[in-house]
Amino acid sequence: MIPTDNNKTDLRAAFSLVRQRFEQSLPARASAMQALLQADETTAPALNQLISEAHKLAGACGTFGFGLLGSQAKMLEQLARTIQEKPASEQRYALLSLQSAVQDFLQSVQEALRNSSDASTVALLQPRPENSIWLLLETPALIAELDTQLRAFGHQVLIFNSYDSCLEALSQQAPAVLFTTIALQNGQSLFKQKLLLDRLNQQQSRLMLYSDQDNFDLRVKAAQHSADAFFVSPVDVPNMIATISELLEQTFGQHGRVFIVDDDKLLAEHYALVLKAAGIETRILQQVTQLVHEILSFQPDLVLMDIYMPDYSGTELAGVLRQYQSLKRLPIVYLSSEANKLLQMKAMAQGADDFLTKPISDNELVQAVKARLRRSQQIRLLIEKDGLTSLIKHSAIKEAAALELERATRFDKPLSIVMLDIDYFKSVNDQYGHATGDIVITALATLLRKRIRKTDKAGRYGGEEFMLVLPDCNSLQARQLTENILQSFRQLQFSAGNSAFSCSFSAGVASTSDSSYAHADELIAAADTALYQAKQAGRNRVY
Ligand SMILES: Nc1nc2c(ncn2[C@@H]2O[C@H](COP(=O)(O)OP(=O)(O)OP(=O)(O)O)[C@@H](O)[C@H]2O)c(=O)[nH]1
């Protein structure tokens with residue numbers, strides 16, 4: 001969720017609090033390093049502990065705006081590592097220089113705290129309704145059709161007739177998607193509207209373009225402004241609606257969920273706040289032995305993982321996650337102050353996808369995480385999504401059912417599966433043609449996507465057969481939801497030539513709230529049997 005004015009204040013206060021706690025912890029952390037060196041004989045474990053603490057400070061100080069302290073801590077770490085590699089007979093003298101470097105660090109900490117000012121670098125965004133779509137088009141028939149269809153799918157639509165009026169509205173609020181023509185009849189070009197394009201970009205609104213012409217130059221310009229779609233007239237309205245729905249989903253996804261694993265709690269809290277301010281949901285690992293449990297319950301899109309932690313290393317934890325079938329494809333990004341490229345590559349070879357180096361500025365962190373979220377979504381889309389409907393494909397929805405059954409059993413929550421099949425679909429194809437049949441399939445897919453919760457899954461199981469996976473939902477609730485979707489689907493009017501028609505579907509529900517199922521296949525088979533019974537009983541109903 002994008003922060004509203006109220007929770008913006010809360011977020012700022014939370015940022016300040018974490019920073020204050022970090023500042024307060026600094027003198028004690030520096031003194032603890034000093035204490036490690038004060039015994040007559042500095043032992044190998046003490047040196048190790050000092051290296052680990054200096055390493056953590058090197059990563060954290062920069063993040064909280066103490067860049068110089070961060071560099072100093074990095075030097076301490078390097079110096080201690082050099083000493084560690086020396087034979088014992090040569091360590092004594094070198095330790096004196098480490099002692100004095102730690103003493104300098106302590107003094108620098110005190111000086112830095114005297115001059116500290118709390119300046120958060122995170123830009124907090126304006127609130128924005130996630131289903132708002134602005135249309136800036138000049139073809140009345142297209143505007144009317146898009147307006148009706150988008151509203152039927154529950155979107156808020158605002159219509160503009162000039163770039164100026166759109167820019168003015170942007171000073172109040174931004175849309176989730178702007179669908180705009182790239183050239184107006186009065187000769188104005190969208191690509192000259194710098195202020196408008198900058199504001200949209202700042203607010204992370206998605207841009208869909210409409211053009212009378214198609215040429216390479218225009219497409220390059222569209223790409224320069226990160227347009228998400230480029231439609232050339234005449235347009236296929238259902239396809240356009242499906243693209244808009246998909247974009248809105250991706251906007252949600254782009255915000256995504258990030259799971260943070262870092263033994264430095266204050267740093268982890270700071271990252272969480274930075275990402276939250278950018279609309280990304282986060283959770284910090286509470287108990288390392290519960291890693292898999294916590295990840296399965298949060299369902300992150302990405303894991304940010306520290307590498308050097310006291311009990312287990314990041315690479316070991318990544319290895320554990322990769323042992324679970326359902327977590328094999330979860331992107332893991334290491335976030336570590338390890339600057340050695342060779343060690344970074346070695347760590348990556350052990351099950352991670354990317355490497356970010358600490359200290360990282362707030363903005364860099366947000367940009368890097370967003371880019372990786374977007375990329376992993378795009379890949380998932382290519383692998384899992386059906387081309388016509390953009391719902392997930394047969395194998396992916398079956399995988400989702402298996403994962404959710406695993407989760408439901410673990411957390412003792414109900415899970416329902418719904419199988420739906422459009423009634424007499426063969427005769428729709430026969431009477432109105434295959435292309436019209438495709439429009440009906442796309443419309444039902446869009447409806448399913450709109451009506452389910454973020455944690456639910458909808459898939460295209462076969463030609464005109466769909467499957468819903470509904471976690472934390474009993475059979476009664478699943479039946480009610482499917483009834484409501486059926487009612488809306490029946491009300492959709494399709495046109496083919498001069499005739500209009502509507503369709504219905506039959507559905508079967510199976511739920512762990514009614515019987516226990518050991519395997520997802522059994523649950524799917526039960527839903528399939530219920531669907532068959534609904535067809536037998538006359539169709540247009542939910543069983
Ligand atoms: N247009 C279109 N048709 C498809 C697609 N996939 C499957 N079909 C058609 O969907 C029809 C399914 O017909 P049937 O399985 O006989 O069932 P039905 O006519 O829907 O009748 P009931 O399910 O018994 O109500 C077949 O004619 C398939 O060719 C698709 O992607 N697009």
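Nothing here was measured: the structure is a model prediction, and the numbers come from that model.

A. Layout of the sheet that holds strand β1 (residues 132-136). In space, the five strands of this open sheet follow the order β2-β1-β3-β4-β5, with parallel pairing throughout. Looking at the sheet topology across the chains shown, the edges are occupied by β2 (156-160) and β5 (229-232). Geometrically, the sheet is characterised by an average inter-axis angle of 15 degrees between neighbouring strands, direction not taken into account. With four bridges connecting them, strand β4 (residues 206-211) and β5 associate as parallel partners.

B. Broad picture of the pairing of β2. In this sheet, β2 lies alongside β1 in parallel orientation, the contact comprising five bridges. Each residue of the ladder has a partner; that of Leu-135, found in β2, is Ile-159. Regarding topology, helix α5 (residues 140-152) serves as the crossover connection from β1 to the parallel β2, and that connection is right-handed.

C. Structural view of the packing of helix α2 (residues 44-63) against helix α10 (residues 265-277). At a minimum axis distance of 10 Å, the contact between α2 and α10 shows a crossing angle of 35 degrees. The two elements α2 and α10 cross, and the hand of that crossing is left-handed. Contacts from Gly-59, Ala-60 and Thr-63 in α2 reach Leu-267, His-270 and Tyr-271 in α10. Taken together, the residues that form the contact of α2 with α10 break down as three nonpolar, three polar and no charged.

D. Highlighting the site of the ligand. Near the ligand lie 16 residues; those nearest to it are Phe-425, Asp-438, Arg-460, Lys-535 and Arg-539. Within the backbone of His-434, a nitrogen or oxygen atom sits 3.1 Å from a nitrogen atom of the ligand. In the model, an oxygen atom of the ligand is placed 2.8 Å from a nitrogen or oxygen of the Lys-535 side chain. If the ligand stood free it would expose 670 Å²; the protein chains cover 67% of that surface.

E. How the structure looks around the packing of aromatic side chains. Overall, the coordinates contain 11 aromatic pairs when judged by the stated rule. Note on Tyr-432 and Phe-501: the rings are 4.0 Å apart at their centroids and 5 degrees apart in plane angle, and the pair reads as stacked. Of this pair, Tyr-432 sits in helix α16 (residues 425-432) while Phe-501 sits in strand β15 (residues 499-501), and the two are 69 residues apart along the sequence. In textbook terms, an aromatic cluster arises when at least three aromatic residues are bridged by ring pairs, as seen for Tyr-432, Phe-489, Phe-494, Phe-501 and Phe-505.

F. Structural detail: the sheet that holds strand β10 (residues 354-357). The sheet built from five strands is open, its strands ordered β7-β6-β8-β9-β10 with parallel pairing. Edge positions in the open sheet fall to β7 (281-284) and β10, since each of these has one partner strand only. When strand polarity is set aside, the average angle formed by the axes of neighbouring strands in this sheet is 25 degrees. Strands in contact with helix α14 (residues 362-384) are β6 (257-261), β8 (302-305), β9 (332-336) and β10; relative to β8, the strand with the most contacts, it is inclined by about 140 degrees.

Reading the values: the criteria
Residues numbered from 1 in each chain as written. Predicted model: local features only at pLDDT ≥ 70, side-chain atom pairs only at ≥ 80, totals over all residues. Heavy atoms only, no water. Pairing = 2+ DSSP bridges. Helix = DSSP H or I, 4+ residues; strand = E, 2+ residues; numbered from the N terminus. Axes fitted to C-alpha atoms, helices over the stretch in contact; angles between N-to-C directions. Right-handed = clockwise from strand over helix to strand, strands pointing away. Left-handed = near helix turned anticlockwise from the far one by under 90°. Contact = heavy atoms within 4.5 Å. Nonpolar A, V, L, I, M, F, W, Y, C, P; charged D, E, K, R; others polar. Near = heavy atom within 4 Å. Polar contact = N/O pair within 3.5 Å; in protein donor to acceptor, adjacent residues only side chain to side chain. Areas by Shrake-Rupley, 256 points an atom, 1.4 Å probe, with all protein chains shown as cover. Phe/Tyr/Trp six-rings, centres within 6.5 Å; stacked < 30°, edge-to-face > 60°.

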